[in-house]
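# Examination of the molecular architecture
Residues per chain, in single letters:
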Amino acid sequence: MLTGVSDMAASIQLINEADLNQAYRERIAPFWRQGEFSAFTGVDNIRINFARFEHPKTPQDPPREQEKKLVIVPGRCEGYLKYQELCYDFYHAGYDLYIIDHRGQGISQRLLARPHKGHVESFDHYSDDLQQFIRTIVKPNSHSKTYLLAHSMGAAISARYLQRFDNEITAAVFASPMIAINSGFIPSSLAKVLVKTGGALNHTLGKSPWYFPGQGDYQPREFTGNPLMHSAVRYQKFIDLYRDTPEIQLGGVTFRWLAEALKTRHDIFRDLARLNTPLTVLQAGADTIVDNRAQDEFCHRLNRVFPASCPAGKPVKITRARHELFFEADEFRNPALSQAVSWFERF
């Protein structure tokens, strides 16, 4: 199941899939209603929404001896509403939770008149927003350890945040990180040409950003054959949430988004020496969304410049798991989360 590091015991109790529907009604939903849901203004006056779950305390209380903060950074198409089970898990493991909705997705402000288009003017805007979120909302301090858990595109954003800004992140876990997108049978060099050419045409002929060919508005997919997870119950939770909350629906990506994603891969590798926060990578062995070879290269090169990260220069591989490690079947999700908590507990 696991390769890369030894499996360590972790102080987290997880809900079994068979009990999940009942747990949502009796435990997760009441917990979720106790959260704080607010927003701040990010780059270019875009509204950025977030959720916060902190353990009760008063100004007279001394700092908790082992006060722990966890920043969760979702992937593309996601929002904090999707992460209710995960927030419940970590809150009851003793963490204060902070989770951001990226610009253009979740319930944060959309960037285009056609709200289903996955678009961003600059990937740096994502990490600018994350920097502001952590500095003004999370507020790391000497009384707490602050950890970061990032998925897919959120890991690319987090890598750039850690590289671009002074920070007080104690340790980080990147799950299925989008170091590079899986371009399938199209060579990466040809993909770059297609994105550059299409982007130039869009700039010349279009009044608004175009979808990349094959991309379109949000459409739910059947569980059978889905590339995201093996868990039927967690997949149905995801489908029901997006059906019942249409404002969080998001479709495919624009030429501009893809161009920025390609640039971000280059920037991450260029600035590896600036990535000096201890981090580990959880790799989904059956991932078809992102490029696992890029994760291998990232871990190998990062470990050479910062040996505290990616032990042995390799990701922790969850064999046969699909992209959504935090929403997978128990046999994949449980060891992935155990590895994440074990990593945090080292620091």
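As shown above, the structure is provided for reference.
I will try to describe carefully the structure that is included in this document. (Residues numbered from 1 in each chain as written. Predicted model: local features only at pLDDT ≥ 70, side-chain atom pairs only at ≥ 80, totals over all residues. Heavy atoms only, no water.)

## Here's the deal with the pairing of strand E8 (residues 279-284)
- The buried count for E8 comes to six of six residues, which makes it a mostly enclosed element.
- With burial as the criterion, each face of E8 is covered, one bearing Leu279, Val281 and Gln283 and the other bearing Thr280, Leu282 and Ala284.
- Taken together, the four bridges between strand E7 (residues 169-175) and E8 define a ladder with parallel strand orientation. Bridging across to E8, Phe174 finds its partner in Val281.
- Two strands pair when backbone bridges link them, and E8 and strand E9 (residues 316-318) are joined in this way by three bridges, in the parallel orientation. From the neighbouring strand, Gln283 faces E9, where its bridge partner is Lys317.
- Once you follow E8 into helix H8 (residues 292-305) and on to E9, the crossover reads as right-handed. (Buried < 20%, exposed > 50% of the residue type's maximum accessible area, 1.4 Å probe, protein only. Helix = DSSP H or I, 4+ residues; strand = E, 2+ residues; numbered from the N terminus. Pairing = 2+ DSSP bridges. Right-handed = clockwise from strand over helix to strand, strands pointing away.)

## Focus on unusual backbone geometry
- The phi dihedral of Ser152 is positive, around 55°, even though this residue is not glycine.
- With respect to the secondary-structure elements, Ser152 resides in the loop between strand E6 (145-151) and helix H4 (153-164).
- Phi is positive for Cys310, close to 45°, though the residue is something other than glycine.
- Here Cys310 falls in the buried class, since its relative accessible area comes to 0%.

## Brief notes about the environment of Ala232
- Mapped onto the fold, Ala232 is located in helix H6 (residues 232-244).
- Between the C-alpha atom of Ala232 and that of Ala329, which follows or precedes it by 97 residues, the distance is 8.0 Å.
- What Ala232 contacts, discounting residues up to four positions off in sequence, is Glu17 and Phe223. (Contact = heavy atoms within 4.5 Å.)

## A short note on the pairing of strand E5 (residues 95-100)
- With six of six residues buried, E5 is to be regarded as a mostly interior element.
- Alternating residues of E5 divide into Tyr95, Leu97 and Ile99 and Asp96, Tyr98 and Ile100, and every residue in both groups is buried.
- In terms of strand pairing, strand E3 (residues 47-53) meets E5 through four bridges, oriented antiparallel. Residue pairing across strands places Phe53 opposite Leu97, the latter belonging to E5.
- Pairing of strand E4 (residues 68-73) with E5, which is carried by five bridges, proceeds in the parallel orientation. Its bridge partner lying in E5, Leu70 is registered against Leu97.
- In this fold, the crossover linking E4 to E5 by way of helix H2 (residues 84-91) has right-handed handedness.

## Examining the packing of aromatic side chains
- Here the structure, examined in full by the defined rule, presents 27 aromatic pairs.
- Geometrically, the ring pair formed by Phe174 and Phe298 is stacked, given 6.5 Å between the ring centres and 25° between the ring planes. In this pair, Phe174 sits in strand E7 while Phe298 sits in helix H8, placing the two residues 124 residues apart along the sequence.
- When its relative accessible area of 0% is taken as the criterion, Phe298 is described as buried. (Phe/Tyr/Trp six-rings, centres within 6.5 Å; stacked < 30°, edge-to-face > 60°.)

The analysis is restricted to geometry; functional conclusions fall outside its scope.
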